[in-house]
Amino acid sequence: MKKLGVFALGGLLVAALLSPAPAQGIGASLSALPSPAWQTNASVQGLAVANGKAYVGGRFTTVRPPGAAAGTSETARTYLAAFNQSTGALDTGFNHTLNGMVWAVAVSADGSRVFVGGDFTNVDGQTRNRAAAFDTATGALVSNWKPSVSYRVKALAVSGSTVYLGGSFGLVNNVARPRLAAVTTSTAALLPWAPQADNDVYAIDAADDGTKVYVGGTFAAINGTPQWAVASLDPTDGSLQAFPAASAVPAPNPGCTSRVKDIETSGDRVYFANAGDGGGCFDGTWAADVASGNLIWKNNCLGATETVTVVNGWLYKGSHAHDCSYQGGNGFPQGAGRFLLTQNLDTGELGPWFPNTNTGSPTAVGPLASATGGSDLWVGGDFTTVNGAGQQGLARFTNTGPGAAPTKPAKVIPVSYKAGQVKVNFQTVVDNDDITLTYRVLRSFSNTVVATYTADSRFWNRPWLSFTDTGLTPGSSQVYRIEVTDGNSTLRGDYSVAVTVASVDAPYDQQVMADGPTAYWRLGEANGTANATDSSGQGNTGPYSGITLGTPGVLTSGGNTAGDFDGSGRMIGQTVVSQPQNFSVEAWYKTSSNGGGKLVGFGNSSNGTSSQYDRHIYLQNDGAVVFGIYDGSTRTISSAPGTNDGQWHHVVGTFSPGSQKFYLDGVLLGTQNTAAAESYTGYWRIGADNLGGWPNGPSSAGINGTVDEVAVYPVALGADQVVTHYEAR
């Protein structure tokens, strides 16, 4: 989806445009709301769509209507069934009895035949050794298509007049065909295509132009040549073709075995799904150019990928992805998983589609197979729910209807800390099939629109937006609410409590609170206090170490006190934070030391020295103050030397993807284009921590001086907010 420009409005950096065109109701090509479909009583392993029907194979022995609980309203279907593509209803005319599981389903190019492979040896009382074909017009078993395969057929692909088979077998029609074979679509006559794989084949597909056959699995050699997990083969003689993109799959080692589970060819590209055993082993997807064999992109999300299907310009995948944090702000952190996702065909980045399933027995994986009839997506697996509602084994997604609605905006808490002004901070919401949403700030019970924004949000990244309502009558009472729309569905949050418009500017701490910090350590406790109080209300407290409290602070009123740091002293907030990509970090400091040291920053240790560390502000030995972010290299903005002059100084570092800024004493020192801060889970820290590898590293690990009023915000503060804080001292 096209990205919108960003600018600061009311002080917070937001993706916003006044009076924008409405966002689409569906950002990708399919709704995240499933359309009605029958269910199965056990997992689905193979899928194909042809001539208005979805053909489904797997472990199941019965099927039932949507909404029916397990064990009710069941109709016998042993390992194979067909459903109406438009309605999801059971095709009652397609009823066959197999004596073993179906693992793979494929259709002929003209849609006239559907081929199935698996463990069965009998269909409707007739011998069919692990492969069979059915006429899609009549539903009848094809009488003269009966290859004899010696063991499991796990994968099928059809190209022209050829059916390619992959699996665990050794013989086809009593001729040696170790795990790979080809037969004709018409009579199942064995073809001379005879590549040899030394271990199981899980996936097979032919390029749309017929020039290549791609195979994947757990093999280590093809035709005696080392070739781990994936290969490109000649469609006629089965010889290995050059395929440089195969390097995307790591060679196996004792801690990692990654194999290809599914292959999808589409036009001039081919897409692969990988599953790995071992911590951090490659579990993601990758794309290659058919003509050159070169790698186009690789997505390293962790969580085994079982199936991929291209639908209307997006790559839909079924996996148990649980950590896509390597992508920075464009990927979710460990634990925030989704079993269904979509990816951009050109880049592999995650797209705007976030339905979900659970997992079930026996594989406990979730989605295992998928297919499309052109404008829909059928998903099969071991799941028993879709989007939290009961739906076992099979799901159907289409582009009909308005799509998923955004969630209801939260009730806002407006504040008025400057004369004649009210500030409204609010967090964006999630829409499971549209990233970009339109927000309106409504004032009073007449619901007057006073601001309109557009902003991108995802379930793992919900930025905050802000509006400052100016020119209001001091002493008047105002209420606000937030409205959100995806272009089809519109929801309004509840009215706020009434706020009285201020007549005079509020003190410093209230100005900070008006900007919505997620952590605010005032460092004003009495000496000997064990833990820092988080005045933001978010509960991010942390232990003091090497800090003397109760010394005079930066503020001239209210008995403000601060903390003296000894060069190794620190306070570490104990709330874990995942890869913040929109933030500001603010502090006041005073020092005469020539040893420099870290003032405040982000690190991956909650109680010691961090091994990952950035988003920090530190002093060089000469008193220059530095704001640094790591995006693969150390990106810094620095002041001139000399801030170690024994005077109070105010620093604010801000970041949103693409924009890193640093302010000293209310003045912008510099801006640079930094794509993304390093992706890791960590803790906001004050004082000493690692600075290894950073430019002009100081002699001291931490500042030797006085620190006060440290705050962290979930947004990039604007220049007006920074100046307001500086001048509010």
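Residues numbered from 1 in each chain as written. Predicted model: local features only at pLDDT ≥ 70, side-chain atom pairs only at ≥ 80, totals over all residues. Heavy atoms only, no water.

Asks: Whenever I open this one, the side chain of Gln85 confuses me. Can you help?
Replies: With respect to the element layout, Gln85 can be found in the loop between strand 9 (80–84) and strand 10 (102–107). Residues within four places of Gln85 in sequence aside, it is in contact with Val49, Gly52, Lys53, Gly373, Asp376, Trp378 and Arg396. (Helix = DSSP H or I, 4+ residues; strand = E, 2+ residues; numbered from the N terminus. Contact = heavy atoms within 4.5 Å.)

Asks: What is the right way to read the environment of Trp103 from this model?
Replies: Relative to the elements of secondary structure, Trp103 occurs in strand 10. Separated by 16 residues in sequence, Trp103 and Asp119 have C-alpha atoms that sit 7.6 Å apart. For Trp103, the residues in contact, after removing those within four places along its chain, are Gln45, Gly46, Arg59, Gly117, Gly118, Asp119, Arg152, Val153 and Lys154. A distance of 3.0 Å separates polar atoms of two side chains, one belonging to Trp103 and the other to Asp119. (Polar contact = N/O pair within 3.5 Å; in protein donor to acceptor, adjacent residues only side chain to side chain.)

Asks: Before we go on, may I ask you to explain the sheet that holds strand 29 (residues 305–311) in this structure?
Replies: One key point about sheets: their strands pair by backbone hydrogen bonds, in either a parallel or an antiparallel sense. Across the sheet, three strands lie side by side as 29-30-31; this open sheet has antiparallel pairing. Looking at strand neighbours, the two that pair on one side only are strand 29 and strand 31 (338–344), the edges of this open sheet. Along the sheet, successive strands turn relative to each other by an average axial angle of 25°, direction set aside. Relative to strand 30 (residues 314–321), strand 29 runs antiparallel, the two being bridged by six bridges. (Pairing = 2+ DSSP bridges. Axes fitted to C-alpha atoms, helices over the stretch in contact; angles between N-to-C directions.)

Asks: Sorry, what's going on with the pairing of strand 20 (residues 201–206) here?
Replies: Within a regular strand, side chains alternate between the sheet's two faces. The buried count for strand 20 comes to five of six residues, which makes it a mostly enclosed element. Bridge count for strand 20 against strand 21 (residues 213–217) is five bridges, and the pairing is antiparallel. Directly across from Asp205, in strand 21, lies its bridge partner Tyr214. If you look at the hairpin formed by strand 20 and strand 21, you'll find six residues sitting between the two strands, and Gly210 has a positive phi there, around 75°. (Buried < 20%, exposed > 50% of the residue type's maximum accessible area, 1.4 Å probe, protein only.)

Asks: Can you help me understand the sheet that holds strand 38 (residues 436–443) in this one?
Replies: In spatial order, the strands read 39-38-42-43; together these four strands make up an open sheet with antiparallel pairing. The sheet terminates laterally at strand 39 (448–456) and strand 43 (490–492), the two strands that pair on one side only. Across the sheet, the axes of successive neighbouring strands diverge by a mean angle of 20°, strand direction being ignored.

Asks: What exactly am I supposed to notice about the pattern of salt bridges here?
Replies: In a structure, side chains of opposite charge can pair up when their charged atoms sit close to one another. For the structure on display, the rule yields 17 salt bridges. Salt-bridge contacts for Asp277 lead to Arg259; the nearest nitrogen and oxygen are separated by 3.0 Å. Of the two residues, Asp277 is situated in strand 26 (residues 269–277) and Arg259 in strand 25 (residues 257–266); the sequence distance between them amounts to 18 residues. For the salt bridge of Glu709 with Arg522, the shortest nitrogen-to-oxygen distance reads 3.1 Å. Note that Glu709 is positioned in strand 59 (residues 704–713) and Arg522 in the loop between strand 45 (519–521) and strand 46 (531–532), a separation of 187 residues in sequence. On the basis of relative accessibility, which here comes to 0%, the residue Glu709 falls in the buried class. (Salt bridge = Lys/Arg side-chain N within 4 Å of Asp/Glu carboxyl O.)

Asks: Please explain the environment of Asn294 as it appears in this structure.
Replies: Here Asn294 lies in the loop between strand 27 (285–289) and strand 28 (295–299). In sequence terms Asn294 and Pro244 are 50 residues apart; their C-alpha atoms lie 5.5 Å from each other. In contact with Asn294, other than residues within four places in its own chain, are Pro244, Ala245, Ala287, Ala288 and Asp289.

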